[in-house]
Every structure is written in C-alpha cells, then in structure tokens.
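# Overview (structure and organization)
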Amino acid sequence: MAPFASQVFGHPSGHHRQARAARQAVEDARDQVAELLGAAPGEVVFTSGGTEADNLAVLGVLGAAARRPGQETVVVSSAVEHAAVLEACRAAAARLPGVEHALVGVDTHGVLDLERLAEALDARVSLVTVMLANNEVGTVQPLSDVVALTRRLAPGAVVHTDAVQGAAWLDVALAARGVDLVSVSAHKLGGPKGAGALVVREGTQLEPLVVGGGQERERRAGTHDVAGAVGLATALASVAKDRDAEAVRVGALRDRLADGLLDAVPSATEAADRKSVVPGTCHLCFEGVDREELVVLLDEAGVCVSAGAACASGALEPSHVLAAMGVPARIARGSIRFSLGHTTSPADVERALAVVPEAVARLRG
Ligand SMILES: Cc1ncc(COP(=O)(O)O)c(C=O)c1O
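Residues numbered from 1 in each chain as written. Predicted model: local features only at pLDDT ≥ 70, side-chain atom pairs only at ≥ 80, totals over all residues. Heavy atoms only, no water.

## Structural notes on helix H12 (residues 346-364)
Taking 1.5 Å of rise per residue, 19 residues should cover 27 Å, and H12 covers 28 Å from first to last C-alpha, within 8% of that figure. Those residues of H12 that fall on the buried side of the exposure criterion are Val-349, Ala-352, Leu-353, Val-355, Val-356, Pro-357, Ala-359 and Val-360. (Helix = DSSP H or I, 4+ residues; strand = E, 2+ residues; numbered from the N terminus. Expected span 1.5 Å × (residues − 1). Buried < 20%, exposed > 50% of the residue type's maximum accessible area, 1.4 Å probe, protein only.)

Okay, here's the thing in structure tokens:
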C-alpha cells in the first residue's frame, strides 16, 4: 500500500501518466479481488468497508425494487445479521414506500431456521440477506440452501451475503456460489480499516447510495481509495494462500482455549456448536459475571477480548444474536468473544488459560 499513499499519487480518474498508474493499480486490485471472490472484475465495487457494502446491497436493491410501480416488496434477513445489514433493512422499511422487513430466526446454535425461511419466501420478496459467518458466535450459515430455497420460492429475489467475518476462513468463491451480492471488509483479513468491496452480479438491479462522478460504473461515486483497494486485494490474496493451513492451526488453538476454559471455569458454557463455527471464534458465557467488568480485568492482565458489539457511545448493547439463539439474559450478560487469528500463538492461548479462570472467580467472588 505504501507507494500508493505517497509516490504513485495520481488521481485514478485523471488522464495523465500519474493518473494512469494509479488507475492501473485500482484495476489490478479489482482483477485480484474478483478472482479471489469468484466474480468478474466488472462485478466488483470498491467501498469504504463492510458497512458501506452492506448498506449498498440492501438499500441499493430495495431502492431499485421500490421504484417498480405499485409494488409492495419484502426484504428477508436472518435475525442475527450485523447491524450494518439489520439497520439498513430497517431504514429501507422506514424510508421507502411499500417495503417490509421480515426477520427469520435461528436455532439454539445460531443456524438459520430454513423452514421459517421457506415460509417467509414468496413472489413479493426482492432481497434475501443472510451472512456467511456470524460476528459474535462465529456460526456459518447454510448459504447454498438459502440460494436454492430463494430460487424456488421467490424467483424474483436476489440473495446477499455479508461475508465480512467468513472471508478469513472460507473460500468465498465456493461458500457463496450462486449468491448475487457479497460484502467483504479488508480489516477482517489483516488489511486496512476503511476499505471493502461489494460484488454485484451482472444484471442485478441496484441504485447507488453515493452519486457524483460516476465511478465504479455508476454504482459508487467518489475518488478511489487507491491504497485501500490495493490493501484489500493484497490481504485477500495473502489469506487465500495460507487459508487451509491457518484454519487447522488456529482451529486447534481455539479448541485448546475453549476446552481449557470449559474445564477450568465452573458452569462456563459455549453458545454455538463448534463444528459449525469458524476457527477464529471462541465464544463463551460465564454466568454470574458482568462481561464489561471481565473485559476490563482481562485487559489489565494483557488479554484483549470483546464483549459484543459496542455502539457509538462505547456502551454495550444487549446481544440480539444471543437473544435470537434463546440464551437467557442472565447468561448472555457474561458472554465473551475471544478472537484468534494469524498472529495468535500457543503462548497467547496459555496466557489466556492462566488468566481467565482467576478473573472470573474474582468477579464471582
Ligand atoms: C459481519 C460484519 N458485517 C459488517 C461489518 C462492518 O464492517 P466494517 O467495519 O468494515 O464497516 C462487520 C464489522 O465488524 C462485521 O463483523
């Protein structure tokens, strides 16, 4: 990325040689992203990250659908989507005439209820949005079933997946085969913050959210973030190269951490079924503990964990994901996500195993 933030400083929409060099970098990055996500280069729209990609998918498709005369339309989402999808669905229902939002629940492990999905699908549905992997508990969703059901029961609908959390661990080209719109974010892959992309399959009707200079084939105006596009492509390529070996290595570390903590901490529980969870996520509930207090204690001991989605004020929202899975509020209150990745070592896991049981005991005491 560094040369594109300093030396190759041309404006990619310009026409002189410096501009052409910047443009070439964006187009090379587009080719790379397209190949890694199983898309054609013209189907890749660079965005400012996962949130914008999700917003563009939801509001863009529903904006186009709502303009078709006299038609009521429905967006169907899972109940455990990231706020970038859920709030976009809610905004579409609030702002666009004739748009309804239908939520489909999950089972106790966070897996989409396909029977309920089938019941929600009919000819009025224009968009179905189901994430590849969940950001709180890590559950991977049955996307190929979602695509098959949608094609059969709501043939006019397009399918979107938020692959922001799944792309580090799964081959998106395979896992999202047949999906019309795919969101990714660079910073979940070791790339820069503030860069992402939406794959928009050729023929998908989509209204732009950002209009102006007509960049990205009129789907997302604004001067390109050249370094961001290069960073996203490089991060995706680097993850793809080591994905299988890393999934095995990190999965083993996660199992050691989860099993060790389930053994060492009385009445600790694991919300999701580990068999269908991405290798980098270890989500545990420690009943009788306040997760915000646990985060602070662990931070002091050098273990950085997440207590769920923080809103802009930094305060914790109750987890809609755990609520949808039927986890009682008193247990959800003590839930923590340990995230493991390419920098996580066995020593990190041993450190967490040494620190967490004591911290939980202290808070319970
Ligand atoms: C599943 C999921 N979707 C979307 C986003 C938003 O992506 P970004 O932070 O790039 O806006 C996140 C970020 O945490 C996420 O986990």
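## Regarding the side chain of Ser-183
Looking at the secondary structure, you find Ser-183 in strand E6 (residues 181-185). For Ser-183, the side chain forms a polar contact with the side chain of Asp-54, separated by 2.7 Å. For Ser-183, the side chain forms a polar contact with the side chain of His-160, separated by 2.8 Å. If we ignore the near neighbours within four places in the chain, the residues touching Ser-183 are Ala-53, Asp-54, His-160, Thr-161, Asp-162, Ala-163, Val-164, Ala-197 and Leu-198. (Polar contact = N/O pair within 3.5 Å; in protein donor to acceptor, adjacent residues only side chain to side chain. Contact = heavy atoms within 4.5 Å.)

## Focus on unusual backbone geometry
The phi torsion at Arg-217 lies on the positive side, around 50°, for a residue other than glycine. Within the secondary structure, Arg-217 is located in the loop between strand E7 (196-200) and helix H8 (226-264). With relative accessibility at 47%, the residue Arg-217 sits in the partly exposed group. Backbone geometry at Ser-267 places phi at a positive 55°, although glycine is not the residue there. Residue placement: Ser-267 occurs in the loop between H8 and strand E8 (268-270). Here Ser-267 falls in the partly exposed class, since its relative accessible area comes to 48%.

## Digging into the state of the cysteines
Two cysteines form a disulfide when their sulfur atoms are joined by a covalent bond. Going through the model one piece at a time under the given rule, you end up with 0 disulfides. The cysteine Cys-285 is free of any disulfide, with Cys-282 supplying the nearest cysteine sulfur at 11 Å. Relative accessible area serves as the criterion here: at 1%, Cys-285 is assigned to the buried category. The thiol of Cys-304 is unpaired, and the distance to the nearest cysteine sulfur, on Cys-282, comes to 15 Å. (Disulfide = S-S within 2.5 Å.)

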